[in-house]
Structures are given as C-alpha cells and as structure tokens.
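# Structural overview
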Amino acid sequence: MQTLYAVFYTTALPVAAGILVISLAQNVIYLIQLIVAFFALKDRLRVRGPSEAWKLMRDTTMPISLLVPAYNEETTVVENIRSLLTLHYPNFEIIMINDGSKDDTLEAVIAAFSLLPIERSYDIEVPHQKIRNIYGSSRHPNLTVVDKENGGKADALNAGINLSRFPLFCAVDADSLLESDALLRAVQPFSEDPERVIGVGGTVRIANGCKVRAGRVVSVDLPTDLISLFQVVEYLRAFLMARIAWSRINALMMVSGAFGIFRRRASVEVGGYDPNSVGEDMELIVKFHRHFREKKVDYEIRFIPDPVCWTEAPDSLRILARQRIRWQRGSLETFFKHVRMLGNPRYGIAGVLGFPHILLIDVLGPPVELLGYLLIPALWFLGVINWDFFAAYLALVFVFGIFVSVGSLILEELELKRYPRAGQLVLLTLIAVVENFGYRQINSVWRVVGYWQYLTGRKGKWGEMTRSGFTKV
Amino acid sequence: MILAAVSIVIMIALVFRRLRIQKRQAWWNTRKQVLTPAVFAFLDGTPFDAPLRLSLGKSDIRPLQEIAHDLISSVRGDARDKLITLLVEVGGVADNTRRLQSAREWERLQAVRNLSLYPKENVEAVLRKSLDDASNHVSIAAAKALIDMDVEISVRELTEKFFSGGGAKSLALREIFRRIAPNQTTALRRMLSEQTTEPVKLLSIDALGTVRDYSSIPAIMEQCASPSINVRAEAMRALATIGHPDAMPTILTGLDDGAWEVRAQAAVGAGRVGIDAAIPQLSGLLDDQEWWVRFRAAEALKKIGGKGQKLLTSAAKGPSRAARVAGLVLSQDGG
C-alpha cells in the first residue's frame, strides 16, 4: 500500500505540472489570438448594409454554385431554398443535394418548385454515391436538385462539386440562413486576389431568439435558454478570436461547414470532401494546406467576419452533447490522418503553428482538461500540491477563461456591434463569466466521450439534429 | 485575476459607450426624420426650406449626406443634379476631403466613394491625389470614380500605379480596364506588344475581347503563341468572345494545344464562330482527358449543327466517355 502511495506521489506531481503547463500554453495562445484578432478587425474594410454592398461589390464578383446538402430536412428545406434564391448576388446557381433522405425532403422540394427530371452533363471528378435523378425547373433556372443514394454530408457535397459549373462553390447547410449580402461580402477575397485565394470562411452566428421572416433574420436578439446563450459566447470566441487570428497568418485550419466558399478546381485537386470523415469541413482545409504546400503552390485561405450565416443551435443538452462528441471525433480523425504535418516545416506555418494548435486544443486539450478538474483538487486535498500550485491552476482555468470569453465580447462590441441593445451586452457578459463554471466542464466530458468513440472506431455520416425551428414573425 | 477584472471593467465601459451610441443613434434618426421631408420637398421644387437650412448644425452634414446618398442611386436627371447641388452646398466635398486624411483605410475608402457622386470640377483633383493612396482599395476606388466621371486615365498611368510593384490582381482592375477599353484599344494593343508583366497582358487581352474590337484580332492571335498557359487561354477566350472568322486558323491550332485550358477555350471559339473545319478535331476532343474539354467540344459540335450535330449523335452511341458527354449535351436543354 505504501509503495502504491509512493508511486502515486511521485507520478502525480509531474502529471499535475504537465496539466498546468498545457493549460498555460493554451491560455497564452488565446491571449495572442485576442491581440491579433483585435488588429485584424480594426484593419478590415467596412461596408454599410446590403444595398451599399450591392453597389460596391457586384461588379467584381465571380459566379458561385451554392451547394446545399440535405438529409431529412422536409420541414425547413423549402423555406431555406426560397431564401437562398433571393440572395443579392449577380450570378449564382443553387444545387440542393438530397442525400437519400428517409422523409419527404425531395417530394417537398419537387412540389414547391414544380421540378421535373432533367439531364445535366457532369464528370465524376470527386467520388460519391450514385445519383438517382437530377431535377430542374423552368421557373427557377438557377435551381438544380440532385437526388442521390445516402452517403453522408461529405458525399453529398462531392456530388454537388461534380455538378457545379462555376469557378467557386459555397457549401451551406440546409438549415442555415445566409444574410442577403453574405455572398457578396464573402467573395471579396477571391476578387482581390483571384490567383491565390482558394477558400474563404464567414461568421456563423446563433439564430436562436432572433426573429426570422421569409428565411431572413430581421431582428437580432438573444436566446432565452441558458444552453443556447452559452453557445452564443462560444461561437463569438471561436469566430471572432481564433479564426480571425489564424487567418491573419494564413494558418486557418478550419472553415465552418455551415458557410464556406471554395475554389472548385482546388477542391477537385485535393479529391473533394472525405466521405469517411465526420469532420469533413476541417479535413478539407487541412488537406488544402497539405496538398498545396507539398506542391509548393502559393495559396491563401481566409476568414472574414462580416458575411454572416445564422444557424439554429441545439437547445437541449442531449443534442448538444451529440454535436460536440461528433465534432471531437472529426478533429481527431483529421489530426491523425494528416499527423505527418505536425511541426513539419515543409508545411510552412500550417505545419509549424496550425497543426500544433490542433494538437494542443483538440487532441491534448480534452483529456488534460478533464484530468485537471479531477486530479488537481484531489492532490491539493491530499496535500500533494500546495495552495500556490492549486491557485495557479484555478487562475488559469477560471480567471483566464473569463478573460478570454469577455475579450471576445469586447471585440464584438468594438468592431461589429451585431447585438443592438446595451442590455444584451450585459447579459452576454454575465454568460461569459458563468459559462466557466459548469458548462465548460460538461463540454470537456463530451469531448472525452468523443475521444472514446474515436478510439473505439465508431462511425457516423450525418449529425442528426432535432430542431425547434426559428422564431418567425 | 487582474486580467479578468480588467476585461470585465472594459466590458462595463463598453456597455456605457453603447448607451451613448444608442443615444446618438436616436438623435441621428430624429434628425433624419426632420431632414428627409425637407429633402423630398426640395426635390419637388420647394426651395430647401430656409429656416431649416439656418437651423442646420455642423453635425447635420452626415445625416443629410446619408439621406442624399441613399436617394441618389434611385433618382435620375434633374432630381439627381439637385441632390448633388444640395450636398455641395452643405459642405459635402469639404467633409469628405477631410475624411481622406484619416488614418483608417475604410474611412478614406468611404470618402472616395462619396466623392465619386460629386461633379467632376469639384473633386477631380482630390480623387487624383487618392490614386496615390497607400491602400490599393482606396486607389482602385479613386480610379473607378475618375473613370465614371469620364476623366481620362491612360493605360500606362494605370499600369504604373497598380503594377509597378509586381502586379495587383484585384478583379476591380479588370473592371477598370474594361471600362477604359472602348477609348483606348490602341494603347491596350501596345501593352500586348511591349514587355509588360503577365497580369497587365491578361487584363489587356480581356478588355480587348470584352469590347469585341475586330482590329485587335491579330494582336490577340499573336498572344496565342505565348509560352504562358494563362496568356494563351485568355487570348483564346477573347477570340471566342469576339467570335470573328478571322481567328479561325488560331482557333484550329488551339484545339491541339498542350494545355487543357486552351483547348477548352478553343472549342468554345470553334462553336461560336461555327468552324466546320474544326469538326474532326472536335470529334477527337470528345475523348479528351479533361472533362471540360470533352464538354466544350460536345457543345461546339452541337452549336456548329449540321455535320457537327450528326457526328455528335453518332458519337453518343456506346458506353465510352465520349459517348456519355455527347449524349448528355444532346439531351441538355431539350436536345
């Protein structure tokens, strides 16, 4: 027994020190991200409202194919396609891909848009399951609906890439709402540097609580339930801090699957989306870095905060848990698939900084965080570590957590001001503090479950989500 | 601990700042409510309400500008001229010229955009100065504004401003080249014969193609022999856009080019010009390695019609990739 205690005593201290070092490293990175994001946001060009965006940007756009993969979306898909059809953009087509839905998604779309079977020439440039039928309508010449056998979201997007004929495609979730000028704004990096830019991501915001009319967010408000409120702060942190900062140094490792624009040819060159990955959005970006660095081709992947896509966040713990577990599995799959990039100078800043960041946050982060929550208080209680050590840990986890979350809010308020009332800022500040006590810890547990599922080889194709629907006016 | 406390204090300060912004926004809206009917009355012929004019404060310039700018895009003729006169009278030019001194790029850009609405004589000198702005966004916006005002900017001047450091690549420059092209075809052709950089060549070819300038066909045809794939493909695209039979020999040569981008554009050209002599080559391209070339070749055969269409119909039989693309193109748009 004494030997066991001795072993515990001698190993626990280095483990605790390791946890502290990793937490410190994470927080230092967050701090740097905040500073970089602040300057990037300050420098960005501002355009006032959709009509000014149309006036200023319409002449320098490139044609886009909007790819809308859908699986069991019969309740929302028609309204969302209608909303996409009214986007302010000079030249775009919508390709909605029904990925073998079990409900009446296809029937709903066929009926709503008077679709008929058509022939459309395409090449199999990236792999996907068999296409059963293609539909079109003379009433909506820029809408094409593809009905294919079930293969998952990535597979559906690949089918869309094959059918698209424009130089750019935009992957957008069937349940998300794009702001009317989102495409105009998001395509600007392609217009500014058409040869180098291969991908652009825009901001995804939580639509829960917002008022929606005819597929458009007409009034921005906050959700009333705590779970969705936590996610509002989380999304601000992810998009306004992390992505802006990484984009600034061309080491962006993730463009959200809900809203991203890519150069079609570049995507074909890397083989399209990986149908076997649950984190197909992240995997595509990492693949871009890997491929173009190996080929020594100059490229850029950018994030810009102004184009906004609104999405409905899970408002129940059960569904949120499912989503986060899936995200964690996706990150791990991508990391280990491309692990050779880790720290490898051949892959430039993506290999030297971007990939170690994934290691620190997504690979080491979840188990270290959970272990810290369990081990450090126990060690302090047992007297293995002193109060100073324990206090340093608490400061890193909770105090720094508050700083980072509130810091993201500060960025939002200084530069974007999307929440119109002062009262909303007060509420968000409170949430940014409270989320550090409980919500973050639950998230760590979900991520460790995701870890477990990854290690035990669990697979999945579509992240099914039960939706409450947007607040309509 | 200090960091978290500081961030919360900053956030509290921002909440107060937001309250002030909300107050200012309320003032702004009130002023707009007062000024909008006066502007409409002014457009209807009533002189700009004298008491109101007297009551205009210094800070009213911005809301008034906003109202006028929003209206300008939807009115024409006299009404537009009157709005612009009004903006000049209330000091819009001076206000925006001041904004051009701002350290913020977006502020200067906004000022250039605003100034583009004013009469040439009031703003040409200021906008010309902005051509030298440190930001490409601002200088490109200034160039666009000047061109919209029919101020002549030579191709050489543009080239020196935007391409001296290796070459800006913004699509906005393509738009600028297209706009100046109708009056400057000779200068654009000269750009092709001189030792200019590839981006300049590409923009010049595109601009000449867009204006469909027949006299430029020989110069563009010469570019189809360039060692650069981009230049050859752009030149072939321009020839396809112009669609003149004089380009036939070059298009036929392009169908055998080593780069698929050039072959695809040549196929488009063959279809648009309707070159019967291209049918054998197009038939061969139905089995090209690259899908886009196969697709464009099939489209061209369909467009040429007659013998081309017949060949496409017979090619559509069988399981080959040529048959697949031929069949799909034939059945597209009702065959």
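The written sequence of each chain sets the order in which its residues are numbered from 1. For naming, the first written chain is A and the first written ligand is 1, with later ones following in the order written. Selection of residues for local features in this predicted model requires a pLDDT of at least 70, selection of side-chain atom pairs for listing and counting requires 80 or more, and totals for whole chains, interfaces and linings are taken over all residues. Only heavy atoms go into the side-chain values, all of them from the structure, while hydrogens and water stay out.

## Things to note about the overall build of chain A
In terms of helices and strands, chain A carries 16 helices and 13 strands. Radius of gyration here uses only the C-alpha atoms, and the compact-globule reference equals 2.2 Å multiplied by the residue count raised to the power 0.38. Here the C-alpha atoms of chain A give a radius of gyration of 23 Å, agreeing with the 23 Å that 2.2 N^0.38 yields for 473 residues. The dimensions of chain A, computed from C-alpha atoms along their principal axes, are 80 × 45 × 45 Å. Of all 473 residues assigned to chain A, the portion counted as buried reaches 62%. By the convention used here, residues are in contact when the closest approach between their heavy atoms is within 4.5 Å. By sequence separation, contacts in chain A at least 24 residues apart represent 81% of the contacts at least 6 residues apart. Areas reported as accessible are Shrake-Rupley estimates using a 1.4 Å probe. Residue values count occlusion only from the protein chains shown. For chain A, the computed accessible surface area is about 17900 Å², with 61% contributed by carbon and sulfur atoms. His residues and chain termini do not enter the charge count, which takes Lys and Arg as positive and Asp and Glu as negative. The atoms used to mark charge sites are NZ of Lys, CZ of Arg, CG of Asp and CD of Glu. Across chain A, 51 positive and 47 negative side-chain charges occur, with their mean positions spaced 2 Å apart. Each helix is a run of H or I in the DSSP string that is no shorter than four residues. Each strand is a run of E no shorter than two, and both are numbered from the N terminus. Relative accessibility decides the category of a residue: with a 1.4 Å probe and only protein chains considered, values under 20% of the type maximum give buried, values over 50% give exposed, and everything between is partly exposed.

## So, the sheet that holds strand β12 (residues 300-311) of chain A
The strand order across the open sheet formed by 10 strands is β3-β4-β5-β2-β1-β6-β11-β8-β12-β7 (chain A), and the pairing between neighbours is mixed. The outermost strands of the open sheet, each flanked by one partner alone, are β3 (116-117) and β7 (177-178) of chain A. Strands pair, by our definition, only if DSSP identifies at least two bridges between them.

## So, helix α8 (residues 226-248) of chain A
Every helix has an expected span of 1.5 Å times one less than the residues it contains. Here α8 of chain A contains 23 residues, and its C-alpha end-to-end distance of 32 Å stays within 8% of the 33 Å for a straight helix at 1.5 Å per residue. Once α8 of chain A finishes, asparagine 250 of chain A follows within two positions and takes phi at roughly 55°, a positive value.

## Brief notes about the interface of chain B and chain A
Between chain B and chain A, the contact holds 44 residues from the first and 46 residues from the second. Within this document, salt bridges are pairs made up of a side-chain nitrogen of Lys or Arg and a carboxyl oxygen of Asp or Glu, the two lying within 4 Å of each other. Between chain B and chain A we count 4 salt bridges in total. Glutamate 413 of chain A is paired through a salt bridge with arginine 18 of chain B; the nearest N and O atoms lie 2.7 Å apart. N or O atoms closer than or at 3.5 Å make up a polar contact, with two conditions inside protein: a donor-capable atom paired with an acceptor-capable one, and, for residues adjacent in sequence, both atoms drawn from side chains. Connecting chain B to chain A are 9 residue pairs in polar contact (both at pLDDT 80 or more). Mapped by element, the contributors of at least two residues to the side of chain B that touches chain A are α1 (2-43), α3 (61-72), α6 (105-115), α8 (136-148), α10 (171-180), α18 (291-304) and α20 (321-331) of chain B.

## A closer look at the environment of aspartate 155 of chain A
Residue and element names in this part refer to chain A. If you trace the backbone, aspartate 155 turns up in helix α5 (residues 153-163). Judged by its relative accessible area of 3%, aspartate 155 falls in the buried class. For the pair aspartate 155 and proline 69, spaced 86 residues apart in sequence, the C-alpha separation works out to 9.1 Å. Not counting residues up to four positions away in its chain, the partners in contact with aspartate 155 are Pro127, His128, Gln129, Lys148, Glu149 and Pro275.

## Section: a nonpolar patch on the surface
All names here are of chain A. Note on patches: the residues involved have over 30% relative accessible area and no salt bridge, like charges join within 9 Å, and the nonpolar side chains Val, Leu, Ile, Met, Phe, Trp and Tyr join within 5 Å. Taken together, the side chains of Tyr5, Phe8, Tyr9, Trp380, Phe381, Leu382 and Trp387 define a hydrophobic patch exposed on the protein surface, amounting to about 790 Å² of accessible area. Elements with a contribution of two residues or more to the nonpolar patch: α1 (2-43) and α13 (365-382). Positionally, leucine 382 belongs in helix α13.

## Structural notes on the domain arrangement of chain B
All domain edges in this entry derive from an automatic or database-based domain assignment. Domain boundaries in chain B define domain 1 (35-40 + 58-151) and domain 2 (244-335). Taking only C-alpha atoms, the centre of domain 1 of chain B and the centre of domain 2 of chain B are 50 Å apart.

## Let's talk about the nonpolar core
Residue and element names in this part refer to chain A. Residues enter a nonpolar core if they are buried and are Ala, Val, Leu, Ile, Met, Phe, Trp, Tyr or Cys, with the set joined through side-chain atoms within 4.5 Å. Core analysis: the biggest nonpolar cluster contains 130 residues, and Leu66, Phe113, Leu178, Tyr273 and Phe288 have the highest contact counts within it. Here the element with the most residues in this core is α8; it accounts for 13 residues. Among all residues touching tyrosine 273, those that are not within four sequence positions of it are Ala154, Leu157, Asn158, Ile161, Phe169, Ala171, Phe262, Glu280, Asp281, Leu284 and Lys287.

## Let's talk about the packing of α13 of chain A against helix α14 (residues 387-416) of chain A
Residues and elements named next belong to chain A. In this description, a line fitted to the C-alpha atoms serves as the axis of each element, helices being fitted only across the stretch in contact, and the angle between N-to-C directions of two axes falls anywhere from 0 to 180 degrees. Interhelical geometry of α13 versus α14 gives an angle of 150° and a closest axis separation of 10 Å. Comparing the axis directions of α13 and α14 gives the class roughly antiparallel. The chirality of how α13 crosses α14 is left-handed. Along its contact with α13, which presents Glu369, Gly372, Tyr373, Ile376, Pro377 and Trp380, the element α14 presents Trp387, Phe389, Phe390, Tyr393 and Val397. Residue classes follow a fixed rule: Ala, Val, Leu, Ile, Met, Phe, Trp, Tyr, Cys and Pro count as nonpolar, while Asp, Glu, Lys and Arg count as charged, and any other residue, Gly among them, counts as polar. Residue classes in the contact of α13 with α14 are distributed as 9 nonpolar, 1 polar and 1 charged. By the definition adopted for this analysis, an angle is roughly parallel if under 35 degrees, roughly antiparallel if over 145, roughly perpendicular if from 65 to 115, and oblique otherwise. Crossings are assigned a handedness: left-handed for a near helix turned anticlockwise from the far helix by less than a right angle, right-handed for a clockwise turn.

## Here's the deal with the environment of arginine 179 of chain B
Turning to its location among the elements, arginine 179 of chain B is positioned in helix α10. Once you skip the residues sitting within four places of it in the chain, arginine 179 of chain B turns out to touch Asp59 of chain A together with Lys144, Ile147 and Asp148 of chain B.

## Here we look at the pattern of salt bridges
When charged atoms on two side chains of opposite charge get close, those side chains can pair. Taken as a whole and assessed by the stated rule, the structure comprises 51 salt bridges over all chains. The partner of aspartate 362 of chain A in a salt bridge is arginine 447 of chain A, with the nearest N and O atoms 3.0 Å apart. Of the two residues, aspartate 362 of chain A sits in helix α12 (residues 348-363) while arginine 447 of chain A sits in helix α16 (residues 439-455), which places them 85 residues apart along the sequence. The same class applies to aspartate 362 of chain A and to arginine 447 of chain A, which are both buried. With a shortest N-O distance of 2.8 Å, aspartate 288 of chain B and arginine 263 of chain B are connected by a salt bridge. In this pair, aspartate 288 of chain B is assigned in the loop between α17 (279-285) and α18 and arginine 263 of chain B in helix α16 (residues 260-273), connecting sequence segments 25 residues apart. Classification of arginine 263 of chain B as buried rests on a relative accessible area of 13%. Counted as one network, the salt bridges with shared partners bring together Glu192, Asp193, Arg196, Asp298, Glu300 and Arg302 of chain A.

## Some thoughts on helix α15 (residues 422-434) of chain A
Under the 1.5 Å per step criterion, the end-to-end length of α15 of chain A is 19 Å for 13 residues, consistent within 8% with the ideal 18 Å. Within α15 of chain A the residues assigned to the buried category are Ala422, Gln424, Leu425, Leu428, Thr429, Ile431 and Ala432 of chain A. For α15 of chain A, the secondary structure elements touched by its buried residues are α8 and α14 of chain A together with α1 of chain B.

## Some remarks on the pairing of strand β11 (residues 259-263) of chain A
Taking burial as the measure, the 5 residues of β11 of chain A include 5 buried ones, the bulk of the element. On β11 of chain A, burial covers both faces: Phe259, Ile261 and Arg263 of chain A on one face and Gly260 and Phe262 of chain A on the other are all buried.

## A short note on the packing of α3 of chain B against helix α5 (residues 92-99) of chain B
Residue and element names in this part refer to chain B. Two elements in contact, α3 and α5, have axes whose closest approach is 11 Å; the angle formed by their N-to-C orientations is 105°. If you check the angle between α3 and α5, you find them roughly perpendicular. Each of Ile61, Arg62 and Gln65 in α3 lies in contact with α5, whose residues at this interface are Gly92, Asp95, Asn96 and Arg99. In terms of residue class, the contact of α3 with α5 is made up of 1 nonpolar, 3 polar and 3 charged.

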